[in-house]
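One-letter residues, chain by chain:
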Amino acid sequence: MKWNMDLKQDRFDPGDLREVMKAVVTAGNGGYDKLQCRVVSRPKLEPGEVLLQVLAAGVNNTEINTRIGWYSSSVTTGTADTATAEEKQAISKTDGGWNEATPFPFIQGTDCCGRIVAVAPNGDKRTIGSRVLVRACMRKSGFESMDNIWMGSDFDGAFAQFVKVPVGEVFTVDCHWSDAELATIPCSYGTAENMVHRGRVSQGEHVLVPGASGGVGSAVVQLVKRRGATVTAIAAKGKMKQVLSIGANRVIDRDEDVFGRLGENSVDVVIDNVAGPAFGSLLKTLKRGGRYVSSGAIGGPLVTLDMRTFYLKDLMLIGCTAWDEPVFPNLISYIERGELRPLVAKIFPLERIADAQREFLEKKHVGNFVLIPPPLDD
């Protein structure tokens, strides 16, 4: 894709390349044509912010969901089916974003490994040069409130050479991982740790993980295992060995009858980002007092719930979007202690974002895709 100068959206002097950057701007709800490579203004810092050079940015379902308006109540199919439909007919959805209407045109990109290159006036200049991860889920009213905003969904994100973020949302990491490996962490592992944390997974429990080969699912497997629980994973037949290699105790082919294999009252916790037709049978596998935890529904958002299963078994259904306060600091400590394994499935240059998202939706990979922005102009 060609990088096109964008004079309408941004105000800058095209002759001063120090004030511009390359970015993928998502123009609106629709297909891959809405992902546009543009030259735009670099972010201008406000008090309390830092400017990061983006070293690597992860690819997630949420960016695709936001572009296609999947969060709208009018959508009833899974991510892949909805994305296919959007290629044929783009329809703007005013309720298609995380919170309110998505702020199109804007820069997506929820995962960011970056380096601090500037701080706002009165900021700590000693942090310049630090390699950091960005906590993408931000509690704008503090952790006593569930109000949250997401980088790359509610405001400009990391699909660019530079991004600005509040200084309190950047975390230095002392490790030998590559930039691409670190870029797999924020969204997938933050979402996974939040579910494991809020689901109160503890040593000796039995946890069922559908979609275990995806970015979030593979993170859940590792995070559940580090807490000493037993993992039964669900994955495609061709991915079962890889899921076993990251710590699952057992893997069931997703085409099998999972309830028939496990039976009723067999697991303590289900951590599920798939949902869809299997939802009812997953609840039946839970023991009395069990917990079902979810932060997604890539298999389909509309499910059938037998209320008798829910209340007669004293089940707890836990929805997870806003990350709890310990979640991201926990992840940083796990990385620094060598307790997590990064799973980079493939790396693409940023300008090939459409190719990356197409391949991402094929779900043939295990782990995460990563985008690398173009080098800075001299």
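Trainee: Describe the pairing of strand 2 (residues 20-26), listing the residues and the values that go with them.
Mentor: For a regular strand, side chains alternate in direction, first toward one face of the sheet and then toward the other. In terms of burial, strand 2 is largely enclosed, as seven of its seven residues are buried. Side-chain alternation along strand 2 places Val-20, Lys-22, Val-24 and Thr-26 on one buried face and Met-21, Ala-23 and Val-25 on a second face that is also buried. Alignment of strand 2 against strand 5 (residues 106-107), held across two bridges, turns out to be antiparallel. Residue pairing in the sheet places Thr-26 in a bridge with Phe-106 of strand 5.

Trainee: Break down the sheet that holds strand 16 (residues 286-294) for me, citing the residues and quoting the values.
Mentor: Here we have six strands laid out as an open sheet, ordered 14-13-12-15-16-17, and parallel in their pairing. With one partner strand each, in any of the chains shown, strand 14 (250-253) and strand 17 (316-319) form the two edges of the open sheet. Here the strands of the sheet are splayed against their neighbours by 20° on average, with no regard to which way each runs. The sheet contact formed by strand 12 (residues 206-209) and strand 13 (residues 230-235) spans four bridges and is parallel. Each bridged residue has a counterpart across the sheet, and for Val-207 the counterpart in strand 13 is Val-231. Along the sheet, helix 5 (residues 215-226) makes contact with strand 12, strand 13 and strand 15 (267-271), crossing strand 12 at roughly 170°.

Trainee: Lay out the sheet that holds strand 2 with the relevant residues and their values.
Mentor: Here four strands make up an open sheet; going across it, the order is 1-3-2-5 and the pairing mixed. Either end of the sheet is taken by a strand with one partner, and the two such strands are strand 1 (4-5) and strand 5. Inspection of the sheet shows strand 1 paired to strand 3 (residues 35-41) by two bridges, in the parallel sense. Along strand 3, the bridge assignment pairs Met-5 with Val-39.

Parameters at a glance
Residues numbered from 1 in each chain as written. Predicted model: local features only at pLDDT ≥ 70, side-chain atom pairs only at ≥ 80, totals over all residues. Heavy atoms only, no water. Buried < 20%, exposed > 50% of the residue type's maximum accessible area, 1.4 Å probe, protein only. Helix = DSSP H or I, 4+ residues; strand = E, 2+ residues; numbered from the N terminus. Pairing = 2+ DSSP bridges. Axes fitted to C-alpha atoms, helices over the stretch in contact; angles between N-to-C directions. Contact = heavy atoms within 4.5 Å.

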